[in-house]
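As a plain string of letters, each chain reads:
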Amino acid sequence: MEDFLLKNYFLLTTVVECLAAVTGLILYKKYKHTAAKYFIWFLWYLSICDFASNYTYCIKNEGLFSFLEGTVFINNYWFGTLYWHIGAILFVSFYFRKILIHTVFKNTIKYATYIFVLMSFIWIFTHWDAFFKMFFPAISVNGAFIVFMCIMFYFIEVLLSDKILNFYKSLNFYISFSFFIWWIITTPFVFYGIYFGGGDIVFRNLQSLIYLIANMVMYLTITFALICCRPENETEV
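So, here's what we can say about the structure. Since the structure is predicted, the reported quantities are computational estimates derived from the model, not experimental observations.

### Brief notes about the nonpolar core
Step number 1: Within the largest apolar cluster, 61 residues are counted, with the highest numbers of intra-cluster contacts made by F39, L43, Y95, F96, L171, F179 and W183.
Step number 2: Put simply, the parts of the chain that give this core at least two residues each are helix 2 (9-26), helix 4 (36-52), helix 5 (77-99), helix 6 (103-126), helix 8 (137-159), helix 9 (171-196) and helix 10 (201-228).

### Section: the layout of surface pockets
Step number 1: The calculated volume of the largest pocket comes to roughly 1900 Å³.
Step number 2: Around the largest pocket sit 47 residues that line it, and Y9, Y77, F135, Q207 and Y211 are the ones nearest its centre.
Step number 3: Elements with a minimum of two residues in the lining of the largest pocket: helix 2, helix 4, helix 5, helix 8, helix 9 and helix 10.
Step number 4: At nine residues, the largest contribution of residues to the lining of the largest pocket is made by helix 10.
Step number 5: Looking at the lining of the largest pocket residue by residue, the classes come out as 23 nonpolar, 20 polar and four charged.

### Details of the environment of K133
Step number 1: Tracing the backbone through its elements, the reader meets K133 in the loop between helix 7 (128-131) and helix 8.
Step number 2: Residue class for K133 comes out exposed when judged on its relative accessible area of 60%.
Step number 3: Along the sequence, K133 and N76 sit 57 residues apart, while their C-alpha atoms lie 8.2 Å from each other.

### Details of the packing of helix 5 against helix 6
Step number 1: Contact geometry of helix 5 with helix 6 gives a least axis separation of 9 Å together with a crossing angle of 170°. Relative to helix 6, helix 5 is oriented roughly antiparallel. Residues T81, L82, H85, I86, I89, L90, S93, F96 and R97 of helix 5 form the contact with helix 6, whose own contacting residues are K106, I109, K110, T113, F116, V117, S120, F121 and I124.
Step number 2: Of the residues assigned to the contact of helix 5 with helix 6, the class counts are 10 nonpolar, five polar and three charged.

### Some thoughts on the packing of aromatic side chains
Step number 1: Within the structure shown, the criterion is met by 41 aromatic pairs.
Step number 2: Each ring, one from F79 and one from Y83, has its centre 5.1 Å from the other, and the planes form 40°; the classification is tilted. With F79 and Y83 both in helix 5, this residue pair falls four residues apart, about one helical turn.
Step number 3: Looking at Y83, the relative accessible area reads 10%, which means it is buried.
Step number 4: A ring pair is formed by F91 and F94, whose centres lie 6.4 Å apart and whose planes are at 50°; its orientation type is tilted.

### As for the packing of helix 4 against helix 5
Helices that pack against each other are described as a pair by the angle of their axes relative to one another and the distance between those axes.
Step number 1: Running from amino to carboxyl end, helix 4 crosses helix 5 at an angle of 175°, the nearest separation of the two axes being 11 Å. Classified by the angle their axes make, helix 4 and helix 5 are roughly antiparallel. Residue-level contacts link A36, Y38, F39, F42, Y45, L46, C49, D50 and A52 of helix 4 to F79, Y83, W84, G87, A88, F91, F94, Y95 and K98 of helix 5.

### Describing a nonpolar patch on the surface
Step number 1: Taken together, the side chains of M152, I156, L159, L160, I164, L165, F167 and Y168 make up a nonpolar region of the molecular surface, amounting to roughly 790 Å² of accessible area.
Step number 2: Relative to the elements of secondary structure, Y168 occurs in the loop between helix 8 and helix 9.

### Quick look at the side chain of T23
Step number 1: With respect to the helices, strands and loops of the structure, T23 is situated in helix 2.
Step number 2: Taking the relative accessible area as the measure of exposure, T23 reaches 10% and is therefore buried.
Step number 3: With residues up to four places along the chain from it excluded, the contact list for T23 reads T223, L226 and I227.

### A word on the side chain of S170
Step number 1: Locating S170 in the fold gives a position in the loop between helix 8 and helix 9.
Step number 2: A relative accessible area of 6% places S170 in the buried class.
Step number 3: A polar atom in the side chain of S170 sits 3.3 Å from the backbone nitrogen of N172.
Step number 4: Leave out the neighbours within four places in its chain, and S170 touches Y154, C229 and E232.

What counts and how
- Position numbers for residues start from 1 in each chain and track the written sequence from start to end.
- Per-residue local features of the predicted model are confined to residues with pLDDT of at least 70, and side-chain atom pairs are confined, for both listing and counting, to 80 or more; whole-chain, interface and lining totals are unaffected and use all residues.
- To get the side-chain values, take all heavy atoms of the structure and skip hydrogens and water.
- Residues belong to a common nonpolar core when they are buried Ala, Val, Leu, Ile, Met, Phe, Trp, Tyr or Cys residues joined through side-chain atoms within 4.5 Å.
- Here the term buried applies to any residue with accessible area under 20% of the maximum for its type, exposed to any over 50%, and partly exposed to those in between, with areas from a 1.4 Å probe on protein chains only.
- For the purposes of this entry, the term helix denotes a DSSP run of H or I that reaches at least four residues, the term strand denotes a run of E that reaches at least two, and both are numbered from the N terminus.
- Here a cavity denotes grid points, spaced 1 Å and computed from the protein atoms alone, that fit a 1.4 Å probe unable to get out, and a pocket denotes an open set having protein on both sides within 12 Å along at least 5 of 7 lines; residues with an atom within 4 Å of a point are the lining.
- Grid points are joined across faces, edges and corners, and a volume is the space filled by probe spheres set on the points.
- Under the grouping applied here, Gly and all other residues not named as nonpolar or charged are polar, the nonpolar ones being Ala, Val, Leu, Ile, Met, Phe, Trp, Tyr, Cys and Pro and the charged ones Asp, Glu, Lys and Arg.
- Orientation is described by lines fitted to C-alpha atoms, with helices fitted over the stretch in contact, and by angles between N-to-C directions that extend from 0 to 180 degrees.
- By definition in this entry, angles of less than 35 degrees are roughly parallel, angles greater than 145 are roughly antiparallel, angles of 65 to 115 are roughly perpendicular, and the rest are oblique.
- Residues are treated as being in contact if the distance between any of their heavy atoms lies within 4.5 Å.
- Think of it this way: a Phe, Tyr or Trp ring, Trp meaning its six-membered ring, pairs with another when their centres are within 6.5 Å, and the plane angle makes it stacked under 30 degrees, edge-to-face over 60, tilted otherwise.
- To count toward a patch, a residue needs a relative accessible area above 30% and no salt bridge. Like charges then connect within 9 Å, nonpolar side chains (Val, Leu, Ile, Met, Phe, Trp, Tyr) within 5 Å.
- Only the protein chains shown count as cover for residues, with accessible areas throughout obtained via the Shrake-Rupley method and a probe of 1.4 Å.
- We define a salt bridge as a side-chain nitrogen of Lys or Arg found within 4 Å of a carboxyl oxygen belonging to Asp or Glu.
- Pairing of N or O atoms within 3.5 Å defines a polar contact, subject to two protein rules: one partner must be a possible hydrogen donor and the other a possible acceptor, and residues neighboring in sequence count only if both atoms are side-chain atoms.

See the structure below:
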């Protein structure tokens, strides 16, 4: 089973990711007057960027992008940092500011995001060579902090409002829950990767398995929520 999952990591992740994106597209009319439409756009953004990040497979053996052989673009760390570790955090910040009600929460997220982006690009520019060779734990951890803050504020608002009575019908609840689970599972590997990454094949296989499970749980939860939940009037845009 483990060998099957590892060998089909890309395929399985792509399937559940595209399933969520296609489901969102099919049900777009249902959510087009709510903030959830931005989330559907985000699912497509992730699907396209994840697909594009595999350009590295087309470099070797005189592939389509063989002209990149020997350049800094032979690895996709730079792309993953920009579209996921920074880009995804920017979306999470934007989305939660759309669905939150309290101005204090919105402003806190906004200014924290400004600081995160500024610090991220300062870190990139001061570690320019490493930008093309590795992911930056500092950016990943700070991004996770932004995500947890957004989710915490959302849950506080739910607990302090009538939404708590019907939280299980809320798409935003399942989005928040799936994001929380994904980041809380994967973030520890940022720290452990510093010590056990590289040539430790056992750690790398375990990391791949955990990421695969986290991806499948997140995208399947989102797919379920898109189908079963109803649009929320309070998120109209």
